Amino acid sequence: MTSEPTRPDGASTSTVEAPRAGARRRRRRGRADGVPEQRLSLRQRLRRDRTLLIMVAPALILVLLFMYVPMAGNVVAWQEYSPYLGIGESPWVGWHNFARIFTDAAFLNAVKNTLLITTFQLIFYFPIPIMLALLLNSVFSPAIRTTIQSIVYLPHFFSWVLIVTIFQQIFGGAGLVNRILTENGFAPFDLMTDPNSFLVLVTSQAIWKDAGWGMIIFLAALSTVDPALYEASVVDGANRWRRIWHITLPALRPVIILLLILRLGDALTVGFEQLILQRGAVGAGVSEVIDTFVYYQGVVAGDWSFAAAAGLVKGLVSLALVLGANKLAHVFGEAGVYRRA
Amino acid sequence: MSTGTGNTQGALAPVVIDPGPDAEGSFQKPRRAGRRFARRSRHRPAWEESPTPLGFGLKALALLGIVLVVLYPLYTVILTSLSTQDSVTRAGGLVTVPDEFTWSAYEQIFSGGVVSRALGVSVFVTVVGTLLSLAVSTLAAYGLSRPNSVAHRPILFVFLFTMFFGAGIIPTYLLISNLGLINSLWALILPGAVSAFNLLILRNFFMGIDQAIIDAARMDGAGDWRILTSIVLPMSKAVLAVIALFYGVGYWNAFFNAMLYINDNALWPLQLVLRSYVLQGTQLPGSTTPIDVTGGAVTGLPIKMAIMVLAIVPILIVYPFIQRHFTKGVIFGAIKG
């Protein structure tokens, strides 16, 4: 049994055995070097895998220190934290800070803006990578395709500071567009400081930066469509548009649903860096989102415990949204982001 | 897909989109994987009708428009950074038609002072950070990629969980300040040194490497260190390049960490300089004095645009070498894991 060839995943290549027995045997078998696992005590397994554990250790330590220790640090949300007293000495105030959140007009405004921006982006940003992918997928010359692809991917790698600056230079009060407008006798407008058009502004920035990058995943899904399907549909008399409707779009369905769900799980996180850069120009009224609220209340205004409570609520709601959205995906019969096997 | 993911069973198993009939082959021969995308569309299939002139024209126009929307802003920014103050004044803002060229804006920002220092800081943080992140993630990804090793599932979960729940700004800030890292460049490197997402891409790639090769090496007496350095890493150059780019771009572009943790503007990275002097229009200290060859003081727009170009250039340099690996890297990462 042990001399039998194994696949990388350690599953049996034998087709005779029932899957149950295969699973049991897989558990019994040790690592791929053939040492059966069950005969080894934990101590022996630790000894066998000590190199691997040593390899994982640096990353694990970094993550535990910089991601998990702060998670515990969220206890300040239940305190009246003072930097001079520290976490140990600051007085405990129970749920006071959480109660404050839900009555705080500025926080509720931040929640409103967050949801507004998310919804707006979902409607106007989300379809664009799909349309781009369809357009590019219909280009037959590989040279032109790859050239265009590498150009539209590019802005994804620019920093938000750069993107906002570029927009400011082009659409700002003294920018390129205004110059052309005034030269041709039109009234200038300052897109960068106008609260009324802020939603359009942040969405178009997001599109300029990431629409090309978002296309990758759809292009990949399109490349897996079996050409025989198209061939067969042509035989049945389907034209170009019918083929898109009946073959291409259904092929994209799982990816579209997956990304929609991911977006839903991320609903409370909208472009933190992007918004914090423009909050000054447009005003907190329309540009304050939960993340920027936490920053300004905590780090800037020094109301540490209140801000920590707001951040914690946001994190927990986001976590619930991810889990819920994934559940929803299962209901729709899609694989979702992850599944318990 | 049927291969390679066996030991994620029971843990969080990522969604799998079948990458097509020849993905199996590409999984074992990573170097050939990219061709799948090119090969598919080399010829128009016999059944595909050729486009009408109108459709062809519209499509060409749309694609040209998209390309221009991306490239035109970059063109004007670069052109303005190379222009004299005179041509900027004449143009009334960004220069869109080539006029006189001068390097004086660049000479000035490289002549010491805030921008030169910031460039040094950014380069240091990016290089050291990328090396550290890459080393630590590669080791961890390999350590977690061996089938049935002890405790790999709980450890993997520890990493995965950080993708779904973050601690929040306030407690992280309190930790950094309690560690005494305020005004230290390590505050820009350590907190984000490990990205669970990149780690998963690497791990997935390592698990896709044919187990037979690794078994053979083990038979020849190679330990895990030897297998990693002599077999796994040389086979993973493409994905390592992409991950290095992801990490590098992350460090290069980050400004919020610096905004939080660095108060001393001698330690500001380039993005923070960009933010305060270019975006918010704060006066650049010591920039008003030098007189350039054309006789006018070079302040204002050319300098600002030169700082912007400085922030773009490293990306433009690295990008062409790595971008052909994107599709594969992102597909293995984003879809499979």
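One numbering rule holds for all chains: residues counted from 1, following each sequence as written. Chain labels run from A onward and ligand labels from 1 onward, assigned in the order the entries are written. With the structure being a predicted model, the display of local features is reserved for residues of pLDDT at least 70 and the display and counting of side-chain atom pairs for 80 or more, all residues being used for whole-chain, interface and lining totals. As a convention, hydrogens and water are excluded, and side-chain values are obtained from all of the structure's heavy atoms.

This part takes up the overall build of chain B. When its secondary structure is counted, chain B shows 17 helices and 1 strand. The buried share among the 337 residues of chain B stands at 55%. Residues are treated as being in contact if the distance between any of their heavy atoms lies within 4.5 Å. In chain B, once contacts between residues fewer than 6 apart in sequence are set aside, the share between residues at least 24 apart is 73%. Each helix is a run of H or I in the DSSP string that is no shorter than four residues. Each strand is a run of E no shorter than two, and both are numbered from the N terminus. We call a residue buried when its accessible area falls under 20% of the maximum for its residue type, exposed when it is over 50%, and partly exposed in between, using a 1.4 Å probe and counting protein chains only.

This paragraph deals with the UniProt feature "domain: ABC transmembrane type-1" (unreviewed entry) in chain A. The residues that UniProt annotates with the feature "domain: ABC transmembrane type-1" (unreviewed entry) are residues 111-325 of chain A. With 77% helix and 0% strand, residues 111-325 of chain A has end C-alpha atoms that lie 19 Å from one another. UniProt positions are given in the numbering used here, feature names are shortened, and annotations may be inferred rather than shown by experiment.

What follows covers the nonpolar core. One finds Phe159 and Phe326 of chain B to be the most contacted residues of the largest nonpolar core, which totals 177 residues. Beyond its immediate sequence surroundings of up to four residues, Phe159 of chain B is in contact with Val56, Ala59, Leu60 and Val63 of chain A together with Leu144, Val194, Ala196 and Leu199 of chain B. Only buried residues count toward a nonpolar core, which is a set of Ala, Val, Leu, Ile, Met, Phe, Trp, Tyr and Cys residues joined through side-chain atoms within 4.5 Å.

Our focus in this paragraph is the environment of Ala311 of chain B. Inspection of the secondary structure assignment puts Ala311 of chain B in helix H16 (residues 301-322). Note on Ala311 of chain B: relative accessible area 3%, which makes it buried. Through-space distance from the C-alpha of Ala311 of chain B to that of Ser122 of chain B is 9.5 Å; in sequence the pair is 189 residues apart. Excluding residues within four positions of it along the chain, Ala311 of chain B makes contact with Leu162 of chain A together with Trp252, Leu270, Gln271 and Leu274 of chain B.

As a further point, take the interface of chain B and chain A. Many structure descriptions define interface size as the accessible area lost when the parts assemble. Contacts between chain B and chain A engage 114 residues on the former and 109 residues on the latter. Buried area counts how much accessible surface, traced with a 1.4 Å probe, disappears from two parts once they are put together, with both parts' losses summed. With both sides pooled, the region where chain B packs onto chain A buries about 10,200 Å², and carbon together with sulfur makes up 74% of that total. In terms of surface lost to chain A, no three residues of chain B exceed Trp47, Val150 and Leu279 of chain B, which account for 8% of the buried area on that side. The working definition used for a salt bridge is a side-chain nitrogen of Lys or Arg within 4 Å of a carboxyl oxygen of Asp or Glu. Where chain B touches chain A, the interface holds 0 salt bridges. No other element matches helix H3 (residues 53-81) of chain B, which puts 12 residues into the side of chain B that touches chain A. By residue class, the composition of the side of chain B that touches chain A is 78 nonpolar, 23 polar and 13 charged. Three classes are used, and their members are as follows: Ala, Val, Leu, Ile, Met, Phe, Trp, Tyr, Cys and Pro are nonpolar, Asp, Glu, Lys and Arg are charged, and the others, Gly among them, are polar.

Side-chain rings of Phe, Tyr and Trp (the six-membered ring for Trp) are treated as a pair once their centres are within 6.5 Å; stacked means planes under 30 degrees apart, edge-to-face means over 60, and tilted covers the remaining angles. Under the criterion given, the structure shown has 23 aromatic pairs over all chains. Arranged with centres 5.2 Å apart and planes meeting at 80°, the rings of Phe157 of chain A and Trp213 of chain A form a pair that is edge-to-face. Here Trp213 of chain A lies in helix H11 (residues 198-223) and Phe157 of chain A lies in the loop between helix H8 (142-153) and helix H9 (160-171), a separation of 56 residues in the sequence. Of the two residues, Phe157 of chain A and Trp213 of chain A, neither departs from the other in class, the shared state being buried. Plain terms: the ring middles of Phe158 of chain A and Trp208 of chain A are 6.4 Å apart, the flat faces sit at 40° to each other, and that makes the pair tilted. Here the residue Phe158 of chain A occupies a position in the loop between H8 and H9, and Trp208 of chain A occupies one in helix H11, the gap between them amounting to 50 residues. Neither Phe158 of chain A nor Trp208 of chain A differs from the other in exposure class; each is buried. An aromatic cluster is built from Tyr153, Phe157 and Trp213 of chain A together with Phe246 and Tyr319 of chain B, whose rings are joined through pairwise contacts. Note that Arg100 of chain A overlies the ring of Phe306 of chain A, its terminal NZ or CZ placed 4.0 Å from the centroid. Here Arg279 of chain A stacks its cationic end above the ring of Tyr296 of chain A, 3.6 Å away from the centre of that ring. Two thresholds decide whether a charge sits over a ring: the Lys NZ or Arg CZ must be within 6 Å of the ring centre and within 35 degrees of the ring normal.

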